[in-house]
Amino acid sequence: MTPRLRSKSQAIFRRAEQILVGGVSSPVRAFKAVGGDPIVIERAAGARLFDVDGNEYIDYVCSWGAMILGHAHPAVTAAIAEQARRGTSYGMTNELEVEFAAVITRALPSLQMVRFVSSGTEATMSAIRVARAFTGRNLILKFEGCYHGHSDSFLSQAGSGLATLGIASSPGVPSAFAELTLNVPYNDMAAVERAFARHPNQIAAVIVEPVAANMGVVPPQPGFLQGLRELTRSSGALLIFDEVISGFRLAYGGVQTLYGVAPDLTTLGKIIGGGLPVAAYGGRRDVMRLVAPLGPVYQAGTLSGNPLAMRAGLETLRLLSAQDFYENLNAKAERLISRVREALQASGVAGHVNAVGSVATLFFSGEPVRDYEAAKKSDTRRFAAFFAEMLDRGIFLPPSQYEALFVSAAHTEEDIGRTVLACRESLKVALAATPAD
Ligand code: KE4
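Numbering of residues starts from 1 in every chain and runs along the sequence as written. Under the rules for a predicted model, residues below a pLDDT of 70 receive no local features and side-chain atom pairs below 80 are neither given nor counted, while totals for whole chains, interfaces and linings still include all residues. Neither water nor hydrogens contribute to the side-chain values; these are computed over all heavy atoms in the structure.

Colleague: What is the right way to read the side chain of His411 from this model?
Modeller: Structurally, His411 is set in the loop between β14 (405–406) and α15 (413–433). Classification of residues uses two cut-offs on accessible area relative to the type maximum, computed with a 1.4 Å probe and protein chains only: under 20% is buried, over 50% is exposed, and between them is partly exposed. The exposure class assigned to His411 is buried, which follows from its relative accessible area of 2%. One polar contact links the side chain of His411 to the main-chain carbonyl oxygen of Asp59, over a distance of 2.8 Å. Side-chain polar atoms of His411 contact the backbone nitrogen of Ser408, separated by 2.9 Å. Beyond its immediate chain neighbours, meaning those up to four positions away, His411 contacts Ala47, Ile58, Asp59, Tyr60, Cys62, Lys332 and Phe406. Under the scheme used here, helices are H or I runs from DSSP no shorter than 4 residues and strands are E runs no shorter than 2 residues, and both carry numbers assigned from the N terminus. Polar contact is the term for a pair of N or O atoms within 3.5 Å; when the atoms are in protein, one must be able to donate a hydrogen and the other to accept it, and sequence-neighboring residues count only if both atoms are side-chain atoms. Throughout, a contact is declared for two residues whenever any of their heavy atoms are within 4.5 Å.

Colleague: Looking at this structure, how should I read the layout of surface pockets?
Modeller: By rolling a water-sized probe across the atoms, one finds the places where empty space is left. What the second largest pocket holds in volume is close to 720 Å³. Buriedness for pockets is judged along seven lines, at least five of which must meet protein on both sides within 12 Å for an open set on the 1 Å grid over protein atoms alone, while cavities are sets there where a 1.4 Å probe fits but cannot get out, and lining residues have an atom within 4 Å of a point. Thr93, Glu97, Val114, Arg115 and Phe116 are, among the 29 residues lining the second largest pocket, the residues nearest its centre. For the lining of the second largest pocket, a count of residues per class yields 15 nonpolar, twelve polar and two charged. Grid points are joined across faces, edges and corners, and a volume is the space filled by probe spheres set on the points. Just so you know the grouping, Ala, Val, Leu, Ile, Met, Phe, Trp, Tyr, Cys and Pro go in nonpolar, Asp, Glu, Lys and Arg go in charged, and all remaining residues, Gly too, go in polar.

Colleague: Looking at this structure, I do not really get the domain arrangement of the protein. What am I missing?
Modeller: Interface size, as often reported, equals the accessible area lost upon joining of the parts. Source of the domain bounds: an automatic or database domain assignment. Once the domains are mapped, the protein shows domain 1 (7–60 + 323–432) and domain 2 (74–320). With centres defined by C-alpha atoms, the gap from domain 1 to domain 2 works out at 26 Å. Between domain 1 and domain 2, the contact holds 30 residues from the first and 28 residues from the second. Here the quantity called buried area is the total loss of accessible area, with a 1.4 Å probe, experienced by two parts when brought into contact, counted for both. Per-residue buried area on domain 1 facing domain 2 is highest for Tyr326, Val356 and Tyr372; these three make up 31% of the total on that side. Here, a salt bridge means any side-chain nitrogen of Lys or Arg that lies within 4 Å of a carboxyl oxygen of Asp or Glu. Applying the counting criterion to the domain 1 and domain 2 interface returns zero salt bridges. Applying the counting rule to domain 1 against domain 2 returns nine residue pairs in polar contact (both at pLDDT 80 or more). Going through the elements one at a time, α12 (325–347), β11 (352–356), β12 (359–363) and α13 (372–375) are the ones with two or more residues in the side of domain 1 that touches domain 2. Considering only residue class, the side of domain 1 that touches domain 2 consists of 19 nonpolar, seven polar and four charged.

Colleague: Could you clarify how one ought to interpret empty space enclosed by the protein in this entry?
Modeller: In total, this model carries one cavity of 30 Å³ or more according to the counting rule given. Roughly 210 Å³ of internal volume is contained in the largest cavity. Around the largest cavity sit 18 residues that line it, and Thr361, Leu362, Phe386, Leu397 and Leu405 are the ones nearest its centre. Of all the elements in the fold, those that place two or more residues in the lining of the largest cavity are α12, β12, α14 (380–392) and α15. Residue classes in the lining of the largest cavity are distributed as 14 nonpolar, three polar and one charged.

Colleague: Quick question: what am I supposed to make of the environment of Arg233 here?
Modeller: Position of Arg233 among the secondary structure elements: in helix α8 (residues 224–235). Judged by relative accessible area, Arg233 falls into the exposed class, the value being 58%. Once the C-alpha coordinates of Arg233 and Leu320 are considered, the two residues, 87 residues apart in sequence, prove to be 32 Å apart.

Colleague: Is there a simple way to explain the pattern of salt bridges in this structure?
Modeller: Once the charged atoms of two side chains with opposite charge are near each other, the side chains can pair. Within this structure, the stated rule accounts for 16 salt bridges. The residue Asp264 makes a salt bridge to Arg284 at a minimum N-O spacing of 3.1 Å. Of the two residues, Asp264 sits in the loop between α9 (255–259) and β9 (265–268) while Arg284 sits in the loop between β10 (279–283) and α10 (285–288), which places them 20 residues apart along the sequence. On the basis of relative accessibility, which here comes to 5%, the residue Asp264 falls in the buried class. The residue Arg335 makes a salt bridge to Glu413 at a minimum N-O spacing of 2.6 Å.

This is the structure:
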């Protein structure tokens, strides 16, 4: 395969490295785990990214899951343009905020009250703050390999960029603070029970990605989410579903609607912003009423609930509520995933594809991946070789073994066919280029 010309990307990235830390605005974009210079994107439309050298890519990163409708959806773009002419941020309550909160709380009945913020990190940071205030307890329990943004409580044994860069725990977090976060293996109910037994009446909340996607995709084992619900309820801790990825990805609403488990608090982000910075946290009224100005738990944000982002989110969720949207999206994703599994099987490469709905990860591992320990056994050299081959064939996958790929409504059957063909060829090259560990 002749590598694509990317001289303009390289030149711009050289400049970027002089003034943007690592040349990026978020670490995972730096291609550290896959090598080479990141592509610099000039524009995007539908399921396509176009780099500054005129190369075109079928995009399976979708802005890390946010662009479920595809890029520059005409209706969303028109809504943003129309709202921009009416002002982008009023710094006061606007009716769009109220309307959007009503749409979200109707879609996720466990959210009786909601607060908009501008990133998933803000949402999860605020959710555990109010959980600590509500319970009067200090400890937070999270799962190894899950990622809940970059606030201090979550930077130990976390997934996504920390897993990608091999950062077990981030410097700059005082050990006294880090000790307030307990980590146990995902899908391991016995480990959760042991943690609660060791710390009676001290755990304020369990925060979980109800379908993990930041160690790569790892679905909950049967009974795991129900087990967390029962144990938190009986021990007086709160259950927080971090649905920043899964919210409105797997169903109209959250995983909670799919698995029938109602958490006490939920965090949302990505998709609900329609490509603009919107996130939210919310849940039980008796918990959320502790948040200022109703209660003393302080949280605030200059651009929270701004009308431009609210309008983008409203238009996005209006389109997602269309009849059969998720049925069609998930069926299309299933066609891709089953054919990638066939290609993997035929290639002789040791691998597993974990998938839930339109989110998936191809693990270069000979054993099933049900937690972070197993995910870390993947052959990341082979993943890097595969990634590079796919990129040269015009398929943009997430540049890390520990991220998820996303199928959008904009991906066509022709895109799926091209992707499967590229996958077959890339697996062959990756196998030859990287003998198994
Ligand atoms: P943000 O602060 O990046 O908006 O959201 C943090 C967050 C919270 N919870 C979950 C489950 C998340 O997946 C994220 C962010 N996801 C990563 C990628 N898996 C964002 C991409 C990046 O860090 O550049």
